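Coordinate inspection notes
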Amino acid sequence: MKYVKLSHVNGLLEMPMVGLGTWRAQPEEMEKALWAALDAGYRHIDTAFNYNTEETIGKVLKQWFSQGKGKREDLFITTKLPNCANRACDVARFLQMSLKKLQTNYVDLYLIHMPFSFHLNETNFTPLTNEDGSFSLDYDSDLIATWQAMEQQVDQGLIKAIGLSNFSGEQIERIYTAARIKPSVLQIELHAYLQQNELRALCRKLGIAVTAYAPLGSPGANNHFNSKYNYSIHDFPDILGHPLVDQLAQKYNKTPGQVLLRHLIQQDIIVIPKSGNSERLKSNIDVFDFELSREDMEQLNGLDRGENGRIFDFLFFKGVEKHPEYPFKHRIDGW
Ligand SMILES: NC(=O)C1=CN([C@@H]2O[C@H](COP(=O)(O)OP(=O)(O)OC[C@H]3O[C@@H](n4cnc5c(N)ncnc54)[C@H](OP(=O)(O)O)[C@@H]3O)[C@@H](O)[C@H]2O)C=CC1
Ligand SMILES: O=C1CO[C@H](CO)[C@@H](O)[C@@H]1O
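Only a predicted model underlies this, so the values are computations on that prediction, with no experimental measurement involved.

Time to look at the site of ligand 2. Near ligand 2 you find Trp23, Asn50, Tyr51, His113, Met114, His224, Tyr229, Phe312, Phe314 and Phe316, and these make up its full shell. A distance of 3.0 Å is found between an oxygen atom of ligand 2 and a side-chain nitrogen or oxygen belonging to tyrosine 229. For ligand 2, whose unbound accessible area comes to 300 Å², protein coverage reaches 92%. Looking at the shell around ligand 2 residue by residue, the class counts come to seven nonpolar, three polar and no charged.

Have a look at this one:
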């Protein structure tokens, strides 16, 4: 395993470059997948308050520790503040709920999941929706105040590093400028079709590590958006099936998934592929024994479609584009 050393942290904190994604994993699948992942050598787990996987992760880890297979400090756990809690007064209690479910007294990384905010349904801690099915936008939430509340949780020893997810360059710079504890990590959609060169350059300048979500193009996400939100993404990309990826997989005697992950890792990008299948889990972490040549890296760089390659525009949250902090306005303007 290779690690990225995080800046803006008190002391040394290293993030394993491959982590286990957990979005859409159902409890039984999650339990099996995490055991298989820990056996395969995964030590980095990516979850979020709204994935409904924290509880199962906590349960498995408790057993893993009690069987003497590892210690808490061997693991890197990321979780996220949901966007229905993007306000200073909600940070401590949402973090507490995550810590309780994860059965741990700290997380390595806590991210603001999304910059746009929804009102909170206090009965079940989900976003409030309006009668027409649109999401109830909270125009008053203050991202800087939310960030400062996260800094206080770092001071309390409940979080090691703090970061952002799905933020635009302007939003990142705004938080960075105001921050006492600077963001250590930016988690964004990043894969061969959406290579995010501008945001990566900004992060390099600010000493922020980049984590790629949906690094394989999130196969199956469209079905999920369809069934959960009755929303379909236009031109849904099949990156794993691209002929170049297939050709390189044959050349290096690797799978298409390994080629795509290696393309990112070789550029110092952390990846968090999700799998519930033990063979694919193993293959996704087995990406450190080969190197793509400069020419092949350049060919893969050439697959970038810019904004047209984006899967997660969050427009499945009906009405979200009206929020002033919606980060992809440039995309809508371009349509
Ligand atoms: N911050 C944010 O807003 C977001 C964060 N995330 C995080 O990033 C993680 C990864 O993103 P995700 O959307 O899950 O997408 P991924 O790109 O990781 O794709 C996951 C899908 O690919 C399949 N798969 C996994 N490995 C392989 C392989 N080697 N070959 C072929 N298919 C494979 C999985 O199926 P199977 O399980 O059957 O193997 C699953 O359906 C999430 O799980 C979550 O933790 C994701 C979205 C948004
Ligand atoms: O991490 C995520 C995966 O996609 C979800 C949408 O259903 C979001 O909750 C979130 O961005």
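That covers the picture; the talk isn't over yet.
Now for the pattern of salt bridges. By the definition in use, this model includes 20 salt bridges. Taking the shortest distance from any N to any O, the salt bridge between lysine 32 and glutamate 28 comes out at 3.6 Å. Taken together, the residues span about one helical turn, with lysine 32 and glutamate 28 both in helix α1 (residues 27-40) at a distance of four residues. On the basis of relative accessibility, which here comes to 59%, the residue glutamate 28 falls in the exposed class. Beyond isolated ion pairs, a larger network of salt bridges with shared partners links Arg87, Asp90, Arg93, Glu122 and Asp138.

Here we take up the side chain of histidine 263. Relative to the elements of secondary structure, histidine 263 occurs in helix α9 (residues 256-265). Judged by its relative accessible area of 1%, histidine 263 is buried. Reaching out from histidine 263, the side chain makes a polar contact with the side chain of asparagine 301 at a distance of 2.8 Å. Once residues lying within four places of it in the same chain are set aside, the contact partners of histidine 263 are Gln195, Leu292, Met297, Leu300 and Asn301.

What follows covers the site of ligand 1. The local shell around ligand 1 holds 29 residues, among which Asp46, Ser218, Ser275, Gly276 and Arg280 are the closest. Between asparagine 166 and ligand 1, the recorded distance is 2.8 Å, taken from a side-chain N or O atom to an oxygen atom. The separation between an oxygen atom of ligand 1 and a polar main-chain atom of alanine 214 is 3.1 Å. About the coverage of ligand 1: the protein hides 88% of its 890 Å² of free accessible area.

Across the five residues of strand β10 (residues 185-189), five count as buried, placing the element largely inside the fold. Examined bridge by bridge, strand β9 (residues 159-165) and β10 share three bridges and lie parallel to one another. Paired with leucine 164 across the two strands is leucine 186, which belongs to β10. On the question of chirality, the crossover connecting β9 to the parallel β10 by way of helix α5 (residues 169-178) is right-handed. Direction of pairing for β10 relative to strand β11 (residues 209-213): parallel, over a ladder of five bridges. For glutamine 187, the partnering residue across the bridge sits in β11 and is threonine 211. Handedness of the crossover joining β10 and β11 through helix α6 (residues 197-206): right-handed.

Here we take up the environment of glutamate 295. Mapped onto the elements, glutamate 295 comes out in helix α11 (residues 294-301). Through-space distance from the C-alpha of glutamate 295 to that of aspartate 108 is 36 Å; in sequence the pair is 187 residues apart.

Another aspect to go through is the sheet that holds β9. Here we have eight strands laid out as an open sheet, ordered β3-β4-β5-β6-β9-β10-β11-β12, and parallel in their pairing. At either margin of the open sheet sits one strand with a lone partner, and together these are β3 (20-21) and β12 (270-271).

This part is about the UniProt feature "active site" (unreviewed entry) in the protein chain. Mapped onto this numbering, the UniProt entry annotates "active site" (unreviewed entry) at Tyr51. Residues in contact with tyrosine 51, not counting those within four places in the same chain, are Thr22, Trp23, Asp46, Lys80 and His113.

The geometry of helix α4 (residues 143-155) relative to α5 is characterised by a closest axis approach of 10 Å and an angle of 50° between their N-to-C directions. When the axis of α4 is compared with that of α5, the two are oblique. For the pair α4 and α5, the sense of crossing is right-handed. Here Leu143, Ile144 and Trp147 of α4 come into contact with α5, specifically with Arg174, Ile175 and Ala178. Grouping the amino acids of the contact of α4 with α5 by side-chain chemistry returns five nonpolar, no polar and one charged.

When two helices pack together, their arrangement is given by the angle between their axes and by how far apart the axes lie. Axis separation between helix α2 (residues 54-66) and helix α3 (residues 88-102) bottoms out at 6 Å; the angle between their running directions is 40°. What the angle tells us is that α2 and α3 run oblique. Each of Glu54, Glu55, Ile57 and Gly58 in α2 lies in contact with α3, whose residues at this interface are Ser98, Lys101 and Leu102. When the residues that make up the contact of α2 with α3 are grouped by side-chain class, the tally is two nonpolar, two polar and three charged.

With 92 residues, the main nonpolar core has Leu6, Leu34, Tyr110, Ile172 and Leu186 as its most contacted residues. Beyond its immediate chain neighbours, meaning those up to four positions away, leucine 34 contacts Leu20, Ile45, Ile57, Val60 and Leu61. By size, the runner-up hydrophobic cluster in this structure holds 21 residues, among which are Phe116, Phe314, Val320 and Tyr326.

What counts as what
Residues numbered from 1 in each chain as written. Chains lettered and ligands numbered in written order. Predicted model: local features only at pLDDT ≥ 70, side-chain atom pairs only at ≥ 80, totals over all residues. Heavy atoms only, no water. Near = heavy atom within 4 Å. Polar contact = N/O pair within 3.5 Å; in protein donor to acceptor, adjacent residues only side chain to side chain. Areas by Shrake-Rupley, 256 points an atom, 1.4 Å probe, with all protein chains shown as cover. Nonpolar A, V, L, I, M, F, W, Y, C, P; charged D, E, K, R; others polar. Salt bridge = Lys/Arg side-chain N within 4 Å of Asp/Glu carboxyl O. Helix = DSSP H or I, 4+ residues; strand = E, 2+ residues; numbered from the N terminus. Buried < 20%, exposed > 50% of the residue type's maximum accessible area, 1.4 Å probe, protein only. Contact = heavy atoms within 4.5 Å. Pairing = 2+ DSSP bridges. Right-handed = clockwise from strand over helix to strand, strands pointing away. UniProt positions renumbered as here; feature names shortened; annotations may be inferred. Axes fitted to C-alpha atoms, helices over the stretch in contact; angles between N-to-C directions. Parallel < 35°, antiparallel > 145°, perpendicular 65-115°, else oblique. Left-handed = near helix turned anticlockwise from the far one by under 90°. Core = buried A, V, L, I, M, F, W, Y, C linked by side-chain atoms within 4.5 Å.

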